[in-house]
Amino acid sequence: MTNTNKKRIQIVVLILTLLLAVFAGLHFMVKTKIEKMLKVEVANNFEVQYEDLGLNLILGNVSLSAIQVKTKDTGLWINPLKINRLEIKGVSYYELYQTGNFKMNAVLLDAVQGDFLKKDSAHVAKSDITDFKKVVSVKNLNLKNSNFRQIDAKNDSVLTEFSNLHVHFEDFNLDSTSLASKIPIEYTAYHINSGPIHVNISAFEKLKIDSLYTDRKLIIQGFQLVSKYDKVTLQSKLTKERDFVDLQIPTIEIDDLELKPHQDSSLLSIKAIELHKLNLDMYRNKLLPDDDDIKELVYKKIENLPFKIDIRKLDIENGEIAYTELVNELSKAGKIYFTALNSTIENISNLNGSPIIFKNTANLMGAAPITLDWTFRENSNKNLMLVEGTVMNFDTKDMNSFMMSNLRAKSSGTIQELYFTFSGNAYSSTGDMKMKYDDFKFQVLKKDRSGVNKVLTFIGNIFTNDGSNTNDRGYRFGTIETERDSSKSFFNYIWKNVSDGLVSTLTGNGEKE
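Quick caveat: nothing in here was measured; it's all calculated off a predicted structure.

In this section: the side chain of S63. Within the element layout of this structure, S63 appears in strand 3 (residues 61-71). Using a relative accessible area of 13% as the deciding quantity, one classes S63 as buried. For S63, the side chain forms a polar contact with the side chain of R85, separated by 3.5 Å. When neighbours within four sequence positions are excluded, S63 is seen to be in contact with D52, L53, G54, R85, L86 and E87.

This is the structure in structure tokens:
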């Protein structure tokens, strides 16, 4: 080997040695800078502890393990927030040097465990938001194997709990503009998978979901909205009427869900929701004092939501609903139920004032086919509603268990066809009814339901037509005119209209006006 070649090799070795020394020094400097940032620069707000810090300057990767973050803001979370592992990959040095912003290919947060405190929206000061001048953008952000709870420290209770949560965001972005909006982050796509979810709805109801995941649609399995207590225990805790609720929906499919900023609010936009085999069981003890709170109609509740909503369509497939009511201590509670329920609701929205349309079919008491359709904001008049319904081939004896308990009466006869239509607003309504029936009779019971009150039954049947006095097509007609009790539900309003029409049809002259 010539002296010239030896010198060249020595120069190359020297340069490599210098580069390695510079790289090692730079590596040490950056690592020290990160350690200082985690220990000193965040010290005013957080205390960060970890076991290991990994750094790859060439690839722009940083990792931390066994992280514990304690906050000095007692309103954020119950210390400490635990993260099994944090991985940051593909940090853009150019972006960081040129603009001071953080641009990364991927971030992984593994096994985050946190108990967050309930707080109002004013907790984060506007100055904190406007002082955030950086942009954080991540091509792929992943949260895995994590568990979160929201705690109400004042009442020492868990409000919300997520178990085994996995979330993936694509093109995640966080900056001062997004932080100032109702939705503080931006993204182009998301995927979510979660184990059991628990939500404390109120002092009397709770919500549970067995699992949810995205697979083109958002799929919710095992949805339950139920009373916290059994029927007997619930009554002992109430000071006024309240429904015992047991709502079970095995599967919910949500298509094209988006949550995004909208003007000075936020918008929940959904293309379609499908509820499969909904089963709702309700019970009310009418012996308790009335609940006199004003009950808004459905469209008004939608309009008054604190955010914007736009659900184009909601379908209920093959559902069942049962309602049981106790009105007398001496008798059993009366029950009315509907099977084979199929419903479609269109335009659940507070964006444009378009009509909200409900279409329902079911079997009354498991036997008689019925339809019930209603429209809110009919003809773009926000106060106007239209309700239409039919009942076919209904043996009225099927209702006797409910009528004997709740109305102190029982009936016999068949309603072959019943049609009703009424329209109105939140205060009053008018309409008409048409009915074909035969051999209708009813009996008024004694107060203790032990037998028939023959006098009242005789008088009542004098004024009630048995179905024989009809037009040439076998129909009798009646009118509807009623006022709403604003302390009662919308379904009570429907029942008042139908019962007013029945009385008019059965006891009036039966002629079409």
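Structurally, the position occupied by S265 is in strand 13 (residues 265-276). Given the relative accessible area of 12%, S265 is considered buried.

Turning to the layout of surface pockets, a few remarks are in order. Considering only enclosed or pocket space, the second largest pocket measures out at about 190 Å³ in volume. What lines the second largest pocket is simply I183, I185, E186, Y187, T188, A189, Y190, L257, E258, L259, K260 and P261. A per-element tally of the lining of the second largest pocket places strand 12 (residues 244-262) first, with five residues. Tallied by class, residues from the lining of the second largest pocket come to eight nonpolar, one polar and three charged.

This next bit is on unusual backbone geometry. Positive phi is not limited to glycine here, since A66 has a value of about 50 degrees. Looking at the secondary structure, you find A66 in strand 3. With phi around 50 degrees, N145 is a residue other than glycine that occupies positive phi space. With respect to the helices and strands, N145 occurs in strand 6 (residues 136-152). Of the residues examined, N145 reaches a relative accessible area of 34% and is grouped as partly exposed.

Next up on the list: the environment of L117. Examined against the element boundaries, L117 turns out to sit in strand 5 (residues 102-117). Here the alpha-carbon distance between L117 and G75, two residues 42 residues apart in the chain, equals 6.2 Å. Apart from the residues within four sequence positions on either side, L117 is in contact with T74, G75, L76, W77, I78, Q150, I151 and A153.

Ranked by size, the top nonpolar core spans 61 residues in total, and within it F420 and F490 carry the most contacts. If you tally residues by element for this core, the top one is helix 9 (residues 490-507), at six residues. In contact with F420, not counting residues within four places along its chain, are L372, V387, E388, G389, T390, D432, M433, I480 and V498. Grouped together as the second largest cluster of nonpolar side chains are 26 residues, V62, I67, L81 and F169 included.

Under the defined criterion, the tally for this structure stands at 18 salt bridges. Across the pair K208 and D210 runs a salt bridge whose closest N-O atoms are separated by 2.5 Å. The exposure class assigned to K208 is partly exposed, which follows from its relative accessible area of 26%. Classification of D210 as partly exposed rests on a relative accessible area of 35%. For E417, the salt bridge identified is with K436, shortest N-O distance 3.7 Å.

Thresholds applied
Residues numbered from 1 in each chain as written. Predicted model: local features only at pLDDT ≥ 70, side-chain atom pairs only at ≥ 80, totals over all residues. Heavy atoms only, no water. Helix = DSSP H or I, 4+ residues; strand = E, 2+ residues; numbered from the N terminus. Buried < 20%, exposed > 50% of the residue type's maximum accessible area, 1.4 Å probe, protein only. Polar contact = N/O pair within 3.5 Å; in protein donor to acceptor, adjacent residues only side chain to side chain. Contact = heavy atoms within 4.5 Å. 1 Å grid on protein atoms, 1.4 Å probe; cavity = no way out; pocket = protein on both sides within 12 Å on 5 of 7 lines; lining within 4 Å. Points joined across faces, edges and corners; volume = space filled by probe spheres on them. Nonpolar A, V, L, I, M, F, W, Y, C, P; charged D, E, K, R; others polar. Core = buried A, V, L, I, M, F, W, Y, C linked by side-chain atoms within 4.5 Å. Salt bridge = Lys/Arg side-chain N within 4 Å of Asp/Glu carboxyl O.

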